[in-house]
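# Report on the structure
What follows is the residue order along each chain.
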Amino acid sequence: MPAKSDPVWILFRRRTFSRLAYWLKVLGFDPRDRSINNLFYSVYFYGFWVAWGVAVFAILGASMTKIFVFLPGLSPNALVIQYSAIFFFVWGLIKFWQVVRRSPFVFSEPDAYLLCQAPLDRWKVGLGWFLMDWFGTGLVFAAGSIILAFALTYKGLSGASAIQDLPVYFASALRSLAIVLPLQMGVQAGLFGIGAWRLRRGRQPKNLIWLRTTLMLVGLGILAAQYFLSWGNIFLSPITFPLEAAFGSLASPTDWFFRAGLSLLYLILGIVVLIWGTRRMHLGLAAEESRLASILRQALTMMNFELAETLNRRRKLGATYSSSNLFKNRGIWVLIWKDLIQSWRSLRASQVVRWVYIFFLSIGVFLLTDWAAQLILGGIWMVVLLSLIHI
């Protein structure tokens, strides 16, 4: 089937470019306008946002160097590598919990209607929808990598950076992105492949609660070993080894290329697992599991928090959960039992993550002394807090 008439390519192109056009229009640029004036305006538009991004990353990076003073014992490079590896590991655990619980491939109703009836290769569907999901996650990892690279560069220049040091900042950012993005993309692709394997044809998908619980307990044990055992960092060495090329000060270019090759190897292995897992994926089961998630994602994209809250309440009251075991005793213990069940079923991992995120943002606002960085973190803090209140 030609690429132009392939349903996967048609939907991927339509969804990707429509999403990109939406955000460009939000920022003040209409890509559908083909006039000469808009062409000249595009040069100013992209130049302005690039300069704004460099300025914001430089402010946050310079402010982050002050946090290194409160974390003594290791060099700034070693601190960034260690905590970046821990962040990678925790993110991977949360993502694994999600993909073995529900389909990682989110199909809207029109997409499911077309894809489930067309004779097409499953691995193309999996690869296309993985890329659409990765764009948003990769952007977050890219922003974090640039901020950390700018912070280490500012620290290396002893806080005396000038405009002529911009090539040094750009080089450090590109060096970190060349390692972090393939590493993160490979891990996410492998996890999506595991989620697709759960939805293989001929088998009813299971919740795999035992696998999720076991892996979470092992993961918590590995995290605890980082702080209570002197040799505990050996468990995260597959992550810290390539990150040393992104944020470390290596002695030779050969060491950097060797670690960069390992990051590319993670990417290749992740894509192979993704293709292997999606070759026998049941698209109907994936569409059925992600029907509500698709509507919820659209509501959040359009900032319709009221609709998102209604959908979440409907999901909790529907057939997603089994009926509760009634408490047989009498008296006040019945009310306590009811409150415990309601609290447990209303608690979500996303809420816990957001509260932890708000906690660290609050600490960052008080630790930083630069008013511009405090203003930026305060704005992020307000956005996250409002989203937690509405959802």
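Conventions we followed
Residues numbered from 1 in each chain as written. Predicted model: local features only at pLDDT ≥ 70, side-chain atom pairs only at ≥ 80, totals over all residues. Heavy atoms only, no water. Helix = DSSP H or I, 4+ residues; strand = E, 2+ residues; numbered from the N terminus. 1 Å grid on protein atoms, 1.4 Å probe; cavity = no way out; pocket = protein on both sides within 12 Å on 5 of 7 lines; lining within 4 Å. Points joined across faces, edges and corners; volume = space filled by probe spheres on them. Nonpolar A, V, L, I, M, F, W, Y, C, P; charged D, E, K, R; others polar. Patch = residues over 30% accessible without salt bridge, like charges linked within 9 Å, V, L, I, M, F, W, Y side chains within 5 Å. Areas by Shrake-Rupley, 256 points an atom, 1.4 Å probe, with all protein chains shown as cover. Salt bridge = Lys/Arg side-chain N within 4 Å of Asp/Glu carboxyl O. Axes fitted to C-alpha atoms, helices over the stretch in contact; angles between N-to-C directions. Parallel < 35°, antiparallel > 145°, perpendicular 65-115°, else oblique. Left-handed = near helix turned anticlockwise from the far one by under 90°. Contact = heavy atoms within 4.5 Å. Phe/Tyr/Trp six-rings, centres within 6.5 Å; stacked < 30°, edge-to-face > 60°. Buried < 20%, exposed > 50% of the residue type's maximum accessible area, 1.4 Å probe, protein only. Lys NZ or Arg CZ within 6 Å of the ring centre and 35° of its normal.

This part is about the environment of Asp121. Along the polypeptide, Asp121 turns up in the loop between α4 (109-115) and α5 (122-156). For the pair Asp121 and Val8, spaced 113 residues apart in the sequence, the C-alpha separation amounts to 8.9 Å.

With that settled, consider the layout of surface pockets. Over the atoms a probe the size of a water molecule is rolled, and this reveals where empty space is left. Approximately 520 Å³ is the volume attributed to the second largest pocket. For the lining of the second largest pocket, the secondary structure elements donating two or more residues are α3 (76-99), α6 (166-198), α8 (237-247) and α9 (253-278). Tallied by class, the residues present in the lining of the second largest pocket amount to 17 nonpolar, four polar and no charged.

Right, let's talk about a nonpolar patch on the surface for a bit. There is a patch of nonpolar side chains on the surface, built from Tyr41, Tyr44, Phe48 and Trp52 and spanning about 450 Å² of accessible area. Topologically, Tyr44 is positioned in helix α2 (residues 36-64).

Okay, the packing of α2 against α5 next. Close contact between α2 and α5 brings their axes to 7 Å; oriented N to C, the two are set at 60°. By the angle between their directions, the pair α2 and α5 is classed as oblique. Of the two elements, α2 crosses α5, and the hand of that crossing is right-handed. For the pair α2 and α5, contact is made by Val54, Phe57, Ala58, Leu60, Gly61, Ala62 and Met64 and by Ala143, Ile146, Ile147, Leu148, Phe150, Ala151 and Tyr154, respectively. Of the residues belonging to the contact of α2 with α5, the class tally is 13 nonpolar, one polar and no charged.

Two measures describe an aromatic ring pair: the distance that separates the ring centres and the angle between the ring planes. Inspection of every chain in the model, using the stated rule, returns 22 aromatic pairs. With a centroid separation of 5.2 Å and 45° between ring planes, the pair formed by Phe88 and Phe141 is classed as tilted. Taken together, the residues span a long stretch of sequence, with Phe88 in helix α3 and Phe141 in helix α5 at a distance of 53 residues. By the burial criterion, Phe88 is buried, and Phe141 matches it. By way of ring pairs, the aromatic residues Phe29, Tyr41, Tyr44, Phe45, Tyr46, Phe48, Trp49 and Trp52 are connected into one cluster. Over the ring of Phe241 we find Arg259; its NZ or CZ atom is 4.1 Å from the centre of that ring.

The next subject is the pattern of salt bridges. One pass over the structure, following the stated rule, counts two salt bridges. Asp121 serves as the salt-bridge partner of Lys124, at 3.8 Å between the closest nitrogen and oxygen. Take Lys124: its relative accessible area is 28%, and that puts it in the partly exposed class. A relative accessible area of 37% places Asp121 in the partly exposed class.

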